[in-house]
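Below, each chain spelled out in residue letters.
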Amino acid sequence: MGVLVVVAVLAVVLALPARGLENGLARTPPMGWLAWERFRCNVNCREDPHQCISEMLFMEMADRIAEDGWRELGYKYINIDDCWAAKQRDAEGRLVPDPERFPRGIKALADYVHARGLKLGIYGDLGRLTCGGYPGTTLDHVGQDAQTFAEWGVDMLKLDGCYSSAKEQAQGYPQMARALNATGRPIVYSCSWPAYQGGLPPKVNYTLLGEICNMWRNYDDIQDSWDSVLSIVDWFFTNQDVLQPLAGPGRWNDPDMLIIGNFGLSYEQSRSQMALWTIMAAPLLMSTDLRTILPSAKKILQNRLMIQINQDPLGIQGRRIIKEESHIEVFLRPLSQAASALVFFSRRTDMPFRYTTSLTKLGFPEGAAYEVQDVYSGKIISGLKTGDNFTVIINPSGVVMWYLCPKALLIQQQAPGGASRLPLL
Ligand code: GLA
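Residues numbered from 1 in each chain as written. Predicted model: local features only at pLDDT ≥ 70, side-chain atom pairs only at ≥ 80, totals over all residues. Heavy atoms only, no water.

- The name given to the protein in an unreviewed UniProt entry is Alpha-galactosidase, with Bambusicola thoracicus as the source organism.
- Under Function (unreviewed entry), UniProt gives the following word-for-word description of the protein: "Removes terminal alpha-N-acetylgalactosamine residues from glycolipids and glycopeptides. Required for the breakdown of glycolipids."
- Recorded in UniProt under Subunit (unreviewed entry), the annotation for the protein is "Homodimer." (UniProt positions renumbered as here; feature names shortened; annotations may be inferred.)

If you want it as structure tokens, here you go:
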């Protein structure tokens, strides 16, 4: 009897998923829009009314997300970043938005966003000041600010870490997690803490972070350049042994915003950022002007199969599996239903490269056959066997991305309803 009880308890414990912040949120990587990379701390609304941090900017982005096909694809968070607040707290010590740029207040903005089926994110900073010099959340204000955000109807908080010590951060980040939970409002909690402590253990306690935050910035800010994207990719995949196991439903590494649609990336580089962020199971937070985005950038960001892969319910982060001397790199992300995604990435700067390999060389199990779909072109290769050699042509600083489904499984799944599990673009 006693043994049975122990076995039963063990079975329950072992069946539990990896422990994450149990607020039930962000079971897949959050998707939406975040102001910072594209609009920074532009508070010059007098001369630059359409590009400044004001309620109008967020309302217009909410309109675009709701009307231009983004929302249905899963992009639902409209996130404010720094420089939204007035320079002083009010008489009761509460944060207040800048009255000229947010005359209706954040509650009204949240209502506007919610009315369109979207969610609103806001920015705070654990410290004396935000990075942009606006009022920060010192330890004595943590509870009050959590309450204010909840009362306004905020759905996500990015808590930055400028102007605080390591000690204050070690106190403040868990304290904010408790304060947000205490409000009773579901609020996705995005922590910049690791980025301020070098992003790696032992200085960063990722076990704790997984328990208190839904996502976390590990590394430097993204800028509008390919160099910046590459430096982020390098850091994340160099440290994949540490970072890859951390991710899962409710807990995500955040390599920062998507800059697709801006000025720094070529077409190929834009496709590469999207593919690599998807392999990393990264949050997809666009930071671009959705009022003027070009169709080519929009098409990359709205690729259905890409988003399905990014949002895979298992939430397993992918890894770099090969670094060739030819400057080709291969990345693999395991997906649900025994499917997987492969990215072939070229760091070359000469011409399209013909890369020949086989699934055997990439570590796939022998004797299997796959249905393969090219994520960008939509082309299908049927019945690719593990041992078959194949060639992909990868453009300089570009990718080829594949979605692979084992064939036997595909047939089994097709049988009852007749509908193919292989998504079509
Ligand atoms: C830090 C963050 C950025 C942005 C700015 C705002 O640099 O890492 O993402 O929020 O602050 O000032």
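Some remarks on the site of the ligand
Here comes step 1: Taken together, W36, D81, D82, Y123, C131, G132, K158, D160, R217 and D221 make up all the residues around the ligand.
Here comes step 2: The side chain of D160 places a nitrogen or oxygen atom 2.9 Å from an oxygen atom of the ligand.
Here comes step 3: Residue R217 places a side-chain N or O atom 3.2 Å away from an oxygen atom belonging to the ligand.
Here comes step 4: Contact with the protein chains covers 90% of the free accessible surface of the ligand, which is 310 Å².
Here comes step 5: Looking at side-chain class alone, the shell around the ligand contains three nonpolar, one polar and six charged residues. (Near = heavy atom within 4 Å. Polar contact = N/O pair within 3.5 Å; in protein donor to acceptor, adjacent residues only side chain to side chain. Areas by Shrake-Rupley, 256 points an atom, 1.4 Å probe, with all protein chains shown as cover. Nonpolar A, V, L, I, M, F, W, Y, C, P; charged D, E, K, R; others polar.)

A few points about helix α12 (residues 267-279)
Helical geometry: 3.6 residues make up each α-helical turn, so side chains three or four residues apart lie on a common side.
Here comes step 1: The end-to-end C-alpha distance of α12, which contains 13 residues, comes to 19 Å, matching closely the 18 Å that a straight helix rising 1.5 Å per residue would cover.
Here comes step 2: Across the 13 residues that make up α12, a large majority, 12, are buried.
Here comes step 3: For α12, the complete set of buried residues consists of E268, Q269, S270, R271, S272, Q273, M274, A275, L276, W277, T278 and I279.
Here comes step 4: Looking one or two residues beyond α12, the residue adopting positive phi is A281, at roughly 50°. (Helix = DSSP H or I, 4+ residues; strand = E, 2+ residues; numbered from the N terminus. Expected span 1.5 Å × (residues − 1). Buried < 20%, exposed > 50% of the residue type's maximum accessible area, 1.4 Å probe, protein only.)

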